[in-house]
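Here are the chains, one letter per residue:
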Amino acid sequence: TTKKAPMRISAPRSDATSRKDGTKPSKKATKKMGKASAKAASVEPKFDGRKSCVIAMKNVDENGSSVALTRNMCRDSREAVREMRGDWRFYSLVTFCVTFRACHGLPERTCAEFERALCDPSTSENDWLIELLLRLLESESEEGAVASSSSTFIVDDDWEDRLDQTSRELEHMYPDEFPDGPPIDTAVGKNFFDVDPLTRMDVLFTLCERKCETSRLGNEAATTHAIEYERARRRKVFVPSTCRSELHGTPIGYDFLSRAYYVCPGSYRLFRAAKVAIDNFDGPETPPEWCTPCVTFEEVSKFASALRKAANKNEQALFEYLDKKHLPSFREKIQEQEAEAQRLEAKRKALQEAEEKRAYLMSLERKRSSRLVIKEEEVKKKIETFDRGMIPPKPSDEDINKVRLDVRSWILQPKRLRPTSPPHGVDIRQIRFTDDFAPPVKKPKGREWKNKCVSVYWDADDDAESTFYDAIVWDYDSMSDKASVFYTGTQTIERIDLEFARVRVGGPAPKGIVDKRGLLIPYANMLRAVEKSMQSARQAFTWRGTWIENIVGAGIPSHSEGSTLCLCPSRAYIEDVNEDEDDEDASPEEHPSSVIDVEDGQVCVDTSDSTKNDDSEVVVIQDSPSPKKPRIEEPVPL
């Protein structure tokens, strides 16, 4: 028997021409035909399962990648971005940086920021790519030493030499990636800033591959991610931060043509691979036909809407993932960004209107009292000539951010492009290790001032009499942010804000200069006890008391969260530190502190260090029956 085609019942027409004789059907017949038509329509599928519901996106190139966000780029950058979106290594690079950001301290950036930085890493907005490169260049010993010691990331003073050496190693490790020789060679003019964007991407990609193969921290993090993902898969309880499938480079779904789709954590972009095995762990030998069909949020939303009525099971599952897991979080972020942009725009308009009104009022001629004019001039003169007891004006957030960004950009520049002196008059000793690997100087904060030996500068009418005076920080008041400074020369106490004073900071005052009753020991013995710390203060770094010094002294923030930057002439010291960690004959401190014990009229001054015998010098003094507290008055120059 032959298979008959299914009968298609069309909806009845209500006009008079629905019958052959031209008469209008009765209401009963019309109702009966309508029920039969509705029943047939419910059985018939709306979409043919043999066809895909994936629509052809607009504004795509011949490879199928979107050309969005490239209109304002130059021609070379536009071509480079088009090739990046058609290369699977770009996706691998971004995914690696997101997945292993915590264990390696990598900067967190989006795909669009990666594209702009790879095209031009020389600008201050894109210098985070240099920090990413330097962190990927770290060896296992350096990475572990820095991670275990502090949150400060040490930048090589001339990191281009190290990059050249690593580039030659990458050529031998990955000959297929670099068949024409080392990708970076500064001697022949192939530095990181002059090569094309795709070469920069290849260098970063191979460094990520090397991290995966050699880094112990990366392997531990990957194992932890895999265990958490497997546990969550069995319990069917997924944590978005660690247990989403895209964190491990697995496809989120397939379409009717078995093309795999990928997403990058933290980005709403959609990537597609044509030649990829269905098994997530057995990939093809040849590179997949890769493209980025959706770049913007609107493109991804439009793509997901087209899959809403899909009949294919793969496309239905793909729609479920995009609609319920991928897009909702970005919708909230976009709404927050739009609200923040509107708030900033309203604030900008209000400030502009207030400035225009102020300029208009100032332009009007008005009578002013001579007394008010004289008072304003006196206040202005006091601000210009900073008084010792006044608090200087607080800098704006824009000025603070500008100082931090400029100094950070100066640190990340290679030595051949870096100016000799840091910007904004910053002293290089604050941000750079010395040649003998002494750490940068740090200014005390808050209660760290207490019991410090310092040298405070005092101005005088005669410049010849202006000098530094030795003192000990007696106490610190957190309410007023002022310290009580005891001057050893005049035996007086002054309350001063050391943040804005010209001061030199030495070692801590030795224990024992204050007895059990909180009173100072006899004056002569105190001077002898603090002599070493005072000597270190006289030769220490001079803080000028400016807000720029305070900002830089707190640390230059890196592009990674919770980390700071500083320069170092060489990295060889890290291996030496690791080898000598358990050495008992370690070198003594530069300024060892003396220890004083006050007991029964005797003062034992411990002047020994780690390289000498533990002998103490005993000085017998006369008992002081009623020691007096120091007088609190203004100091008088000697």
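This is a predicted model, so every value here is computed, not measured. (Residues numbered from 1 in each chain as written. Predicted model: local features only at pLDDT ≥ 70, side-chain atom pairs only at ≥ 80, totals over all residues. Heavy atoms only, no water.)

## Describing the overall build of the protein
Counting its regular elements, the protein contains 18 helices and 16 strands. Within the protein, counting contacts between residues at least 6 apart in sequence, those at least 24 apart form 62% of the total. Surface summary for the protein: the accessible area is close to 39,300 Å², and the carbon and sulfur share equals 51%. (Helix = DSSP H or I, 4+ residues; strand = E, 2+ residues; numbered from the N terminus. Contact = heavy atoms within 4.5 Å. Areas by Shrake-Rupley, 256 points an atom, 1.4 Å probe, with all protein chains shown as cover.)

## Observations concerning the environment of Asp-161
Along the chain, Asp-161 falls in helix α8 (residues 159-173). Its relative accessible area of 48% is what places Asp-161 among the partly exposed residues. C-alpha of Asp-161 to C-alpha of Pro-414: the two residues are 253 residues apart in sequence and 9.7 Å apart in space. (Buried < 20%, exposed > 50% of the residue type's maximum accessible area, 1.4 Å probe, protein only.)

## As for the packing of aromatic side chains
Applying the stated rule across the entire model yields 15 aromatic pairs. Arranged with centres 4.9 Å apart and planes meeting at 40 degrees, the rings of Phe-96 and Phe-100 form a pair that is tilted. By the burial criterion, Phe-96 is buried, and Phe-100 matches it. With 5.4 Å between their ring centres and 35 degrees between their planes, Tyr-262 and Trp-290 make a pair best called tilted. Residue Tyr-262 is located in strand β3 (residues 260-262), and its partner Trp-290 is located in strand β5 (residues 290-294); the two are separated by 28 residues in the primary sequence. For the residue pair Tyr-262 and Trp-290, the accessibility class agrees, reading buried in each case. Linked through ring pairs, Tyr-91, Tyr-262, Phe-271 and Trp-290 together constitute an aromatic cluster. Above the plane of the ring of Phe-468 lies Arg-504, whose end atom (NZ or CZ) is 3.9 Å from the centre. (Phe/Tyr/Trp six-rings, centres within 6.5 Å; stacked < 30°, edge-to-face > 60°. Lys NZ or Arg CZ within 6 Å of the ring centre and 35° of its normal.)

## A look at the pattern of salt bridges
For the structure shown, the criterion picks out 28 salt bridges. One salt bridge in this structure joins Asp-87 and Arg-89, with 2.7 Å as the shortest N-O distance. The class for Arg-89 is buried, based on a relative accessible area of 17%. Notably, a salt bridge pairs Arg-135 with Glu-131, separated by 3.1 Å at the nearest N-O pair. Of this pair, Arg-135 and Glu-131 both sit in helix α6 (residues 128-137), four residues apart, roughly one helical turn. Take Arg-135: its relative accessible area is 7%, and that puts it in the buried class. The network of salt bridges with shared partners includes Asp-87, Arg-89, Glu-177 and Asp-202. (Salt bridge = Lys/Arg side-chain N within 4 Å of Asp/Glu carboxyl O.)

## What about the sheet that holds strand β4 (residues 270-273)?
If you walk across this open sheet you meet the four strands as β2-β3-β4-β5, and the pairing is antiparallel. Where the open sheet ends on each side, the last strands, each with one partner, are β2 (253-254) and β5. In the sheet, β4 pairs with β5 via three bridges, with the strands oriented antiparallel. Each residue of the ladder has a partner; that of Leu-270, found in β5, is Cys-294. Against the sheet, helix α11 (residues 297-306) makes contact with β3, β4 and β5, and its axis sits at roughly 90 degrees relative to β5, the strand it touches most. (Pairing = 2+ DSSP bridges. Axes fitted to C-alpha atoms, helices over the stretch in contact; angles between N-to-C directions.)

## A look at the environment of Pro-439
Inspection of the secondary structure puts Pro-439 in the loop between α14 (397-412) and β6 (452-458). Overall, Pro-439 belongs to the exposed group, its relative accessible area being 56%. Along the backbone, Pro-439 and Arg-429 are ten residues apart, and their C-alpha atoms lie at a distance of 8.8 Å.

## Focus on the sheet that holds strand β12 (residues 556-557)
The mixed open sheet is built from three strands, whose spatial order is β1-β13-β12. With one partner strand each, in any of the chains shown, β1 (152-156) and β12 form the two edges of the open sheet. Pairing analysis gives five bridges linking β1 to strand β13 (residues 564-568), with the strands arranged parallel. Along β13, the bridge assignment pairs Ile-154 with Cys-566.

## So, the confidence of the model for the protein
Of all residues in the protein, 68% have pLDDT values of 70 or greater, and the mean over the chain is 75. This stretch, residues 28-50, has a pLDDT under 50; its non-local contacts, to residues over four places away or in other chains, come to 15 contacts. (pLDDT = per-residue confidence, 0-100.)

## Some thoughts on the pairing of strand β9 (residues 492-496)
Counting buried positions along β9 gives four out of five residues, so the element sits mostly inside the fold. Here five bridges tie strand β8 (residues 482-487) to β9, and the two strands are oriented antiparallel to one another. Paired with Tyr-487 across the bridge in β9 is Thr-492.

## Description of helix α5 (residues 111-119)
Buried residues dominate α5, accounting for seven of its nine residues. All of the buried residues in α5 are Cys-111, Ala-112, Phe-114, Glu-115, Ala-117, Leu-118 and Cys-119. In this structure, the buried residues of α5 make contact with α2 (75-85), α3 (88-99), α6, α9 (197-214) and β4.

## Regarding α11
By the burial criterion, the buried members of α11 are Phe-297, Glu-299, Val-300, Ser-301, Phe-303 and Ala-304. Those residues of α11 that are buried lie in contact with β3, β4, β5 and α12 (313-363).

## Some remarks on the packing of α3 against α5
Between α3 and α5, the least distance of the axes is 11 Å, while the angle of their chain directions is 115 degrees. The handedness of the crossing between α3 and α5 comes out as right-handed. On α5, the residues touching Phe-90, Leu-93, Val-94 and Cys-97 of α3 are Cys-111, Phe-114, Glu-115 and Leu-118. Considering only residue class, the contact of α3 with α5 consists of seven nonpolar, no polar and one charged. (Left-handed = near helix turned anticlockwise from the far one by under 90°. Nonpolar A, V, L, I, M, F, W, Y, C, P; charged D, E, K, R; others polar.)

## Topic: unusual backbone geometry
Trans is the common state for peptide bonds, and a negative phi is the common state for residues other than glycine. In the Ramachandran plot, Ser-258 falls in the positive-phi region, its phi being about 60 degrees despite a non-glycine side chain. Relative to the assigned elements, Ser-258 resides in the loop between β2 and β3. Taking the relative accessible area as the measure of exposure, Ser-258 reaches 35% and is therefore partly exposed. In the Ramachandran plot, His-424 falls in the positive-phi region, its phi being about 65 degrees despite a non-glycine side chain. With respect to the element layout, His-424 can be found in the loop between α14 and β6.

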